[in-house]
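Understanding the architecture of this molecule
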Amino acid sequence: MKSRASFCDSTLLKKDITRFAPLWALYTAFWMLAAFFTVQDLGGVGLEYRPSQAERLIKVLGTLGTVSSAIYAVMVAAMLLRYLHNARSAYMMHAFPLNRSTQFITHVIAGMLFFLVPQLLFTGALIIGLQLRSISLAATLGLTLLGKQCLAWICFFGLAVFCMLLTGRTIIGVLSYGAIQFIGYVLPRMVCMLLSELFLGFAYRESVLGELSPFLALVIQQSLPRLLIWAGIGVVALVAAWLHYRVRHLERAGDAMVHTWAKVAFQVLFTVTAGLGLSFILWLLFSGEPVARYPFVFLLFGAISFFLSWFGARMMLQRTIRVFDRKNWTGWALCVAALAVFVLGLRYDVLGSQRHVPNPATITEARLTVSNYYSFSEHSIDHLPETPDLLIRDQDELEQLAQANGTFLTEAMNARSTQAPESGEPTAQIAISYRLSSGLTQTRIYEIPKSSDLGRTIAALCRKPEYAAAYYEARWPGDAEEGAFSWYVTPPASAQTEEDMENYYDESTDIYYDTPDVVRFGSFRLALVRQALIEDAKAGALPISNALTWDDKDLGELSVYPSEYNNLLQVNVPESATHTVAVLSGK
Amino acid sequence: MIQVKQLTKTFDGFRALDDLTLTVPKGAIYGLVGPNGAGKSTVIRHITGIYRPDKGSVTVLGAPVYENPAVKARIAYIPDDIFYFPSAGLGEMASFYAGIYPSFDRQMYKELLGAFSLDEKMALRRFSKGMQKQAAFLLSIAARPEVLILDEPVDGLDPVMRRQVWGLLMQDVAERGTTVLVSSHNLRELEDVCDHVGIMHKGKMMLERTLAELQDNVVKAQVVLREGSQVPQELNVLHRSASGKILTLIIRGSQEEVNRVLAAANPVFFDLVPLSLEEVFVYELGGVDYEVKSVIL
């Protein structure tokens, strides 16, 4: 007497729709307002409508849609599935003549409708409104937005359903969902922060971290490939949830986590994430020194933080404050031991990876970034330009560089071990990427003293005419619109007072005098500056400008700005750069 | 009609049901009794298809019940702790029941609504516990099930309503041959309605008989023995108490057998008194370390 398979029950679906009408009605109202204001805003443009405005609109509405979907998805999933979190309702619903798959699929369909109906109404209203305003891209705009929103929704709703199924309490389900949205970013970020403190030269791709968090990934950018990947993950989550639902133990209603493995995962992730976070907070409040100098103090803070996070997690899982039994103390001790192994292993470079410099014979090229205006403060490779400042392929130079690198590392590790105070001498940040014959790359970001072997070696390379000329040719912004030189060398003959010099434009030289210390150039003068820089570089009079080559005797700082400020060039101009000095002086 | 065979269920290492076997014949009113924690609700949840057995089988109307909507559509269940959709009124719940139970009888629903005098529009969460139970009965009986599973059905009902509910049940059984399984601690009431009884203890079925067989199998005898006489050894005495010279014996065995043995002992006086279900429960479980303990405060 087995029943005929049916994937959706109309009675249950109707019940879901009517019970939760206030929720999806509110969401619908929100999007109707969004449509109204969008049409009003674009209507002010008039009949002329630029494609770039469409892109901007898709981006703004897309971001709004992503954020609202992320929040709405967990609300919908919580409403539809919270009956599983109460024994009474769970038992009654499963005593009804509805099999589990039918119940699950019916609720998922209801959830999809709660999203789709408002979005279809919004899209329809938007398209009609824009067409009434005679905006030609209306249908494309509307349908593009709808498609993107649907993909984002599948991601968020799938994850929300999965979290509700994985947990036995609605609040824990919501918190788990929130954690999933950000833990892919937060936890690796904190581990990278710790590595930055302990691993000499640590470098990583910060942009990858954003990709691990669905919310951040989809808010930052809603490209089609990214949406498809996350929608795919949402589908996988839904399928996993369905498979779990079919075998779910209903008596787990009220437990924080339904599965043992989920409890373990929650325990570990919560302990590590909250523990590391608290450790850093305590460290900043009570120390602020580099962790590598006082690792045992950091471990003490870590032990305290892990105590709070470990037992906090146990309390949440067991729903009692009586969690201080031997088994849990052992768990905490193991976490602290793991942290100690990690911290001390890095601090004392047990594996030797920090001191490792590749064998020069295996290096095919070394790419160095030495310019002062790149920020390496987060140890992020993303901040490095695509084109390096120095591209070294000469074998002798590679050997020299590798040897100097090794010497620097030995000195740095020794200084760390002896806790030698910082010398206070000038330093520069450099990024070295060794490309190996095996195809692998080793990238390190260091702060090196100017007077170190490595600093002098790189400074010498920066002074080589072929490298300097190539640098200035590559670095000059293609769309340079502005330039300025600080600490102007020679005032114009006609200007006698400061008032004379402010806001003075010399038409013959295409130079503006902002203040006595700063001159600005028009496009004609900028072209001459570029030519002069390259000439001086080829003549060996102008090295690649960075902290390693700066000199107290340098005359001042030349800055060149493109229109969008994303390719800034800054050059400290030495006296020896005669062509450049002449052009800057208006000759 | 309901067949549970060697059912075992474990929760986090705790064996709630241990190789339990239970049979409810068609048209029977089966009373499932046992102390707190015996596993009655757990068995009921297996029979209604809520739990999946770890071992063993549960069949209702000849087919496995778990994940079988066709069978579940012929079962109605009233739990001890009733759930309704939040903010739903009786009318809404009736519409829901009508949608999922193919045999739901609107006419019967209307008749019962009149009989119970319940407000159809008021939210069920505003009803008293007893009224919620009445509503549950109303909906379950209107669903015209072939099997009715009741967990503490009359708990919270006033005496008049209890009588009304039992009367309805009996009528349904008589008219339609509904099979009923009732779990209750109120053994006095069960005695009046059940024809089959199963006594559970610590996840096992201790004994399962018709009521008549059960009452036949344990006998209460009041005896006055002659000076120097002892209670015959061949009697299986479960319990013994004395009030002056009058001995009250609870004996396992048939009435005829006990009568014959006692008569042979030539007492001054003896009389056989029928046991109530409550007494059978107490003395049967007394043999398995669950006897009434005198608590002195």
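Residues numbered from 1 in each chain as written. Chains lettered and ligands numbered in written order. Predicted model: local features only at pLDDT ≥ 70, side-chain atom pairs only at ≥ 80, totals over all residues. Heavy atoms only, no water.

1. Points about the overall build of chain B
So the rule is basically this: Strands here mean DSSP runs of E at least two residues long; helices mean DSSP runs of H or I at least four residues long; both are numbered from the N terminus. Working definition: with a 1.4 Å probe on protein chains only, accessible area under 20% of the residue-type maximum means buried, over 50% means exposed, and in between means partly exposed. In what follows, a contact means two residues having at least one pair of non-hydrogen atoms within 4.5 Å. For every accessible area listed, the method is Shrake-Rupley and the probe measures 1.4 Å; residues are considered covered only by the protein chains on display. In this charge count, Lys and Arg are treated as positive and Asp and Glu as negative; neither His nor the chain ends contribute. The atom standing in for a charge is NZ when the residue is Lys, CZ when it is Arg, CG when it is Asp and CD when it is Glu.
The helix and strand inventory of chain B stands at 10 helices and 14 strands. With the principal axes as the frame, chain B shows a C-alpha extent of 75 × 45 × 40 Å. A buried classification covers 52% of the 297 residues belonging to chain B. A fraction of 67% describes how many contacts in chain B between residues 6 or more apart in sequence connect residues 24 or more apart. Looking at chain B as shown, the accessible area adds up to about 13600 Å², and 49% of this sits on carbon and sulfur atoms. Across chain B, the mean location of the 32 positive side-chain charges is 4 Å away from that of the 36 negative side-chain charges.

2. Re the packing of helix 6 (residues 138-166) of chain A against helix 10 (residues 224-247) of chain A
Residues and elements named next belong to chain A. Quick reminder of the rule: Comment: axis = line fitted to C-alpha atoms, over the contacting stretch for helices; angle = value between 0 and 180 degrees taken between N-to-C directions. Should an angle fall under 35 degrees it is taken as roughly parallel, and over 145 as roughly antiparallel, whereas 65 to 115 is taken as roughly perpendicular and any remaining angle as oblique. Note on convention: the crossing is left-handed when the near helix lies turned anticlockwise from the far helix by less than a right angle, right-handed when the turn is clockwise.
Between helix 6 and helix 10, the shortest axis-to-axis distance is 7 Å and the interhelical angle comes to 30°. With respect to their mutual orientation, helix 6 and helix 10 come out roughly parallel. The two elements helix 6 and helix 10 meet at a crossing, and its hand is left-handed.

3. Some remarks on helix 5 (residues 100-132) of chain A
Under the convention used in this document: To estimate the expected span of a helix, subtract one from its residue number and multiply by 1.5 Å.
When the terminal C-alpha atoms of helix 5 of chain A are compared, their 48 Å separation across 33 residues agrees well with the 48 Å that a helix rising 1.5 Å per residue should span. One or two residues past the end of helix 5 of chain A sits Ser-134 of chain A, with phi positive at roughly 60°.

4. Focus on the side chain of Thr-28 of chain A
Assignment of secondary structure puts Thr-28 of chain A in helix 2 (residues 21-43). Ignoring anything within four residues of it in the chain, the contact list for Thr-28 of chain A reads Pro-118 and Leu-121 of chain A.

5. Description of the sheet that holds strand 8 (residues 179-183) of chain B
Residue and element names in this part refer to chain B. Using the following cut-off: The pairing criterion for strands is at least two bridges between them, as found by DSSP.
Across the sheet, which stays open at both edges, the 6 strands sit in the order 6-7-8-3-9-10 with mixed pairing between neighbours. In the strand order of this sheet, the two ends are held by strand 6 (75-78) and strand 10 (204-210), each with one partner. Sheet twist, expressed as the average angle between the axes of neighbouring strands with direction ignored, equals 15°. Examined bridge by bridge, strand 7 (residues 147-151) and strand 8 share 5 bridges and lie parallel to one another. For Leu-150, the partnering residue across the bridge sits in strand 8 and is Val-182. Where helix 5 (residues 129-142) meets the sheet, it contacts strand 6 and strand 7, and its direction lies at approximately 175° from that of strand 6.

6. Some thoughts on the confidence of the model for chain B
Inclusion rule: Note on scores: pLDDT gives the predictor's confidence for each residue, bounded by 0 and 100.
Looking at chain B, pLDDT values average 86 and 95% of them are 70 or higher. The ipTM for the predicted assembly is 0.86, set against a pTM of 0.83.

7. Quick notes on the sheet that holds strand 2 (residues 390-392) of chain A
Residue and element names in this part refer to chain A. On the basis of which strands lie adjacent, the open sheet formed by 4 strands has the order 2-1-3-4 and antiparallel pairing. If you trace the sheet from one side to the other, it starts and ends with strand 2 and strand 4 (441-449), each paired once. Put simply, the sheet's adjacent strands are angled 20° from each other on average, direction ignored. Strand direction decides the pairing type here: strand 1 (residues 363-369) and strand 2, joined by 3 bridges, are antiparallel. Bridge pairing in strand 2 places Leu-368 opposite Leu-390.

8. Section: the nonpolar core
The condition that has to hold: Think of a nonpolar core as a cluster: buried Ala, Val, Leu, Ile, Met, Phe, Trp, Tyr and Cys residues, connected wherever their side-chain atoms sit within 4.5 Å.
Ranked by internal contacts, the top residues of the largest apolar core, which has 157 residues, are Ile-2, Leu-22 and Leu-181 of chain B. Setting aside its immediate chain neighbours within four residues, Leu-22 of chain B contacts Ile-2, Gln-3, Val-4, Tyr-30, Leu-32, Val-43, Leu-181, Met-205 and Glu-208 of chain B. Counting 58 residues, the second largest nonpolar core, distinct from the first, contains Ile-430, Ile-458, Val-529 and Val-571 of chain A.

9. So, the pattern of salt bridges
Opposite charge on two side chains permits them to pair, given that their charged atoms come into close proximity. Put simply, the test is: When a carboxyl oxygen of Asp or Glu is within 4 Å of a side-chain nitrogen of Lys or Arg, the pair counts as a salt bridge.
What the rule picks out here adds up to 22 salt bridges over all chains. The closest approach of N and O atoms between Asp-389 of chain A and Arg-475 of chain A, which form a salt bridge, is 2.8 Å. A residue pair is termed long-range when its members are at least 10 positions apart, and Asp-389 of chain A in the loop between strand 1 and strand 2 and Arg-475 of chain A in helix 16 (residues 465-475) qualify at 86 residues. One salt bridge connects Lys-204 of chain B with Asp-18 of chain B, and the closest N-O pair in it is separated by 2.9 Å. Residue Lys-204 of chain B is located in strand 10, and its partner Asp-18 of chain B is located in strand 2 (residues 14-24); the two are separated by 186 residues in the primary sequence. When salt bridges with common partners are traced through the structure, they connect Glu-365, Arg-367, Arg-393 and Arg-435 of chain A into a single cluster.

10. Focus: the environment of Leu-250 of chain A
Looking at the secondary structure, you find Leu-250 of chain A in the loop between helix 10 and helix 11 (260-286). Classification of Leu-250 of chain A by relative accessible area gives buried; the value is 2%. A C-alpha to C-alpha distance of 7.1 Å links Leu-250 of chain A and Tyr-91 of chain A, two positions 159 residues apart in sequence. Every residue in contact with Leu-250 of chain A, bar those within four places of it in the chain, is listed here: Leu-84, Ala-90, Tyr-91, His-94 and Arg-100 of chain A together with Ile-50 of chain B.

11. Examining the interface of chain B and chain A
For the record, the criterion: Residues adjacent in sequence count toward polar contacts only when both atoms are side-chain atoms; beyond that, a polar contact is any pair of N or O atoms within 3.5 Å, and within protein one must be able to donate a hydrogen and the other to accept it.
Tallying the contact residues gives 33 residues for chain B and 27 residues for chain A. Summed over the shared surface of chain B and chain A, the number is 3 salt bridges. Among the ionic pairs, Arg-252 of chain A bridges to Asp-12 of chain B, the shortest N-O distance being 3.0 Å. Linking chain B with chain A are 9 residue pairs in polar contact (both at pLDDT 80 or more).

12. Details of the pairing of strand 7 of chain B
Residue and element names in this part refer to chain B. Keep this limit in mind: We call a crossover right-handed when, viewed with both strands directed away from the observer, the connection leading from the first strand over the helix to the second proceeds clockwise.
Most of strand 7 is tucked away, with 5 of its 5 residues classed as buried. What you see with strand 7 is no split at all: Val-147, Ile-149 and Asp-151 on one side and Leu-148 and Leu-150 on the other are buried throughout. As paired elements, strand 6 and strand 7 share 4 bridges and run parallel to each other. Following the sheet pairing, Ile-78 is matched in strand 7 by Leu-150. At this point the chain moves from strand 7, through helix 6 (residues 159-176), to the parallel strand 8, and the crossover so formed is right-handed.

13. Observations regarding the side chain of Asn-546 of chain A
Mapping Asn-546 of chain A onto the fold places it in the loop between helix 18 (523-538) and strand 9 (556-562). Here the side chain of Asn-546 of chain A touches Ile-544 of chain A through a polar contact of 3.0 Å, landing on its backbone oxygen.

14. Comments concerning a nonpolar patch on the surface
Residues and elements named next belong to chain A. Spelled out, the test is: Patch definition: residues with relative accessible area over 30% and no salt bridge; like charges joined within 9 Å; nonpolar side chains (Val, Leu, Ile, Met, Phe, Trp, Tyr) joined within 5 Å.
Together, Leu-278, Ile-281, Leu-285, Phe-286, Leu-300, Ile-304 and Leu-308 make up an exposed nonpolar region whose accessible area comes to about 710 Å². Among the elements of the structure, helix 11 and helix 12 (295-318) are those that each provide at least two residues to the nonpolar patch. The dominant element in the nonpolar patch, judged by the number of residues it contributes, is helix 11, at 4 residues. Position of Phe-286 among the secondary structure elements: in helix 11.

15. Focus on the environment of Glu-557 of chain A
Inspection of the secondary structure puts Glu-557 of chain A in strand 9. Those residues in contact with Glu-557 of chain A, other than ones at most four positions away along the chain, are Ala-484, Phe-485, Ser-486, Trp-487, Gln-570, Val-571 and Asn-572 of chain A.

16. Structural notes on the packing of aromatic side chains
To keep things clear, this is the line we draw: The criterion for an aromatic pair is that two Phe, Tyr or Trp rings (for Trp, the six-membered ring) have centres within 6.5 Å, with stacked assigned to planes under 30 degrees apart, edge-to-face to planes over 60 apart and tilted to the rest. A positively charged side chain is recorded as over a ring if its NZ (Lys) or CZ (Arg) lies within 6 Å of the ring centre. The angle to the ring normal must also be within 35 degrees.
Tallied over the full model, the rule gives 37 aromatic pairs over all chains. A network of ring pairs unites the aromatic residues Tyr-27, Phe-30, Trp-31, Tyr-72, Phe-115, Phe-122, Trp-153 and Phe-157 of chain A as a single cluster. Directly above the aromatic system of Tyr-348 of chain A lies the positively charged group of Arg-347 of chain A, at a separation of 4.7 Å from the ring centroid. Directly above the ring of Tyr-51 of chain B sits Lys-9 of chain B, whose terminal nitrogen or CZ lies 5.4 Å from the centroid.

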